[in-house]
Amino acid sequence: MGLAIRYLTRWGIPLALTLTLALATGAFAQLGSANPSPTMSVPPSLAAPVVPSAEAIAAASAPAPTWPEPSIENTYNAKICPAADAKAVDRPEDAGGAVRVTWKPCPNADAPSPKTWVVLRAEKTDGPLVFAPVGQFSAMSEHLKTEPKRNGDLEALTQFDDKGLVDGRSYVYRVLGRDGDANAYAFVAAGDTPLVNIGPVSSERQTFVWSERDALRGSFALGAPDGVTAADRPNDAGEEIRVEWTPPAGADAATGLTYRVFSATKPEGPYTLLGAVGGSKTIFDYKAEKLDEKTEKEPLYFAVAAVAANGVDLAISEHTNEPVAAKSQWVNLDEWNFVLFAVVLSGFILYFIQHIKSGKKLFVRKIAGLEAVEESIGRATEMGKPVLYIPGIMDMNDVMTVAAIVILGRIARQVAEYDTKLLVPTSKSLVMTTGRETVKEAFISAGRPDAYNDNIVTYLTDEQFGYVAGVNGIMVREKPATCIYFGAFFAESLILAETGNSIGAIQIAGTAQAAQLPFFIAACDYTLIGEELFAASAYLSHDPKQLGSLKGQDIGKLAGMVAILVGGVFATIAQFTGGGWAGAVAGAIVKLFTPIAG
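Calculation criteria
Residues numbered from 1 in each chain as written. Predicted model: local features only at pLDDT ≥ 70, side-chain atom pairs only at ≥ 80, totals over all residues. Heavy atoms only, no water. Buried < 20%, exposed > 50% of the residue type's maximum accessible area, 1.4 Å probe, protein only. Helix = DSSP H or I, 4+ residues; strand = E, 2+ residues; numbered from the N terminus. Pairing = 2+ DSSP bridges. Axes fitted to C-alpha atoms, helices over the stretch in contact; angles between N-to-C directions. Contact = heavy atoms within 4.5 Å. Phe/Tyr/Trp six-rings, centres within 6.5 Å; stacked < 30°, edge-to-face > 60°. Lys NZ or Arg CZ within 6 Å of the ring centre and 35° of its normal.

(A) Representation of the pairing of strand β17 (residues 283–287) within the structure. Every second residue of β17 is oriented toward a common face, the buried set being F284 and Y286 and the non-buried set I283, D285 and K287. Strand direction decides the pairing type here: strand β14 (residues 240–246) and β17, joined by five bridges, are antiparallel. Bridge pairing in β17 links E240 to K287.

Put into structure tokens, the structure is as follows:
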């Protein structure tokens, strides 16, 4: 009895207290319940075995995909068509951390196209590049898009955004097309060497809102730029706004410092990146087409951020107080020197026109080819053969064709006076129409309107050598006594002149095409060289306006040559004397002939 009491005292009481405390805290709630809760846990060893799906088994047993190294076979001689024009750029107008990779699907519709695209990325470091896949998708997935080209047509474009990157780090990409066992890498050309690697490229923050300004500073030690101003660029067509700022203290000693310029239509943002400049600059010119029209309705606020060397931390300035819009100016005062030249040359032209009208003579050098025109027309009249006139093969928008049509008027008048047959085959319909009106006017002014008919000026074809064949046929059939070639000519020049030479015609040619002059000089009797073609009309007509213009232009050319000669002499003197007054004179001459805008 005593032993039982001793055991009860030693072990029974503590055990009873422990059981009471356990029941109170619920430790035996499950064991104490007649109806076990449905959430009662079951040891894994007693649970029903989980049977994996066939897809899970296949995925687990499939070998890990491998990415072949670039080779001639999978890049240039691939069985499938590789991606074309692959590019990797910082994704525009985002908050950083993303690069956009784009490429065009197979441009050859007949070549087998990849079924799958794989984008691989490597971080560019001093060590070897290690590529890993960052995107794999079907060629017909949502990544396939269409974008308008410059001519308005749509073109297919595959686009992949690689996100989660670290701003300021450089990455290199590869684009691999796959179709079964066939692989094809996209390649780009760097100089003369085709490369598979695209990039390097890095991302940067291109947008922010004003409430993020303080958070974007990070651990950047420098202050923000100060005194930011923006103003319309004067003397332009409304396409530029200049932004200036004062660098923060210590910017001179900072390593890797750059500036980014942002704009927004509202002070609170969002602000969009316009561009970046180096740490030594404090001016940024924002240029865009029709900027005046864009900013007229929504003028812009500007802010400048000093960017740390890591490319992430930004110290952003205060934004400009007032919005700024670009404006176009009627007069560009930066080019006043050209206005001065125009006024002076116009004065000379007017002076010589009045000089000729007053009955005084001007010296005009004789041009042998033009002196022979009247003689050749007289020869054709005596022989009873036609005069063939070719006004080049270009349309009326070419200045040589315009000069040729003007000369045609003078020649047509002489032909009408001599009652000789004139043939003018053309290669452009507009030249034919203009030529007919010119010849008709010449026949009327010569008092021979009855001799004119539309068959004098005819149209053959726009095709170059088809036209040449037609003209050669006319030469062989009509056997003209005189062949005149004035205007723009190309490969047909020697063909025409050789055919004219074979029929024994007098040939006179004139063109400003330097490459064709040797052929005309070799095969024709007379040749007008370069600007003689443009002076021919004034030479033949003796019209005061044309002669005065010709003389005034000669004065302008003479002034230019004198300026070049004098400037060269003073620049040479300045080279030997170390500058001084000679350098100042040479600089003034250069400035006089150079646009001042800069």
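(B) Highlighting the sheet that holds strand β21 (residues 422–426). The sheet built from six strands is open, its strands ordered β22-β21-β20-β23-β24-β25 with parallel pairing. Looking at the sheet topology across the chains shown, the edges are occupied by β22 (457–459) and β25 (526–529). Across this sheet, the average inter-strand angle for adjacent strands is 15 degrees, counted without regard to direction. Two elements, strand β20 (residues 387–390) and β21, share two bridges in a ladder whose sense is parallel. In the strand pairing of β21, L388 is matched with L423. Against the sheet, helix α9 (residues 429–445) engages β21 and β22, with an angle of about 170 degrees to β22. Relative to strand β24 (residues 506–511), helix α11 (residues 492–502) is tilted by about 165 degrees, and along the sheet it contacts β23 (482–486) and β24.

(C) The packing of aromatic side chains, seen in detail. Taken as a whole, this structure holds 16 aromatic pairs when the rule is applied. Seen from their ring centres, F137 and F160 are 5.9 Å apart, and the 20 degrees between their planes marks the pair as stacked. With F137 in strand β4 (residues 132–138) and F160 in strand β6 (residues 154–163), this residue pair connects regions lying 23 residues apart in the sequence. What makes F137 buried here is its relative accessible area of 10%. Following the ring pairs from residue to residue traces out a cluster consisting of W103, W117, F137 and F160. Its end group placed over the ring of Y185, R174 keeps NZ or CZ at 6.0 Å from the ring centre.

Scope: geometric values only; no functional claims are made or implied.
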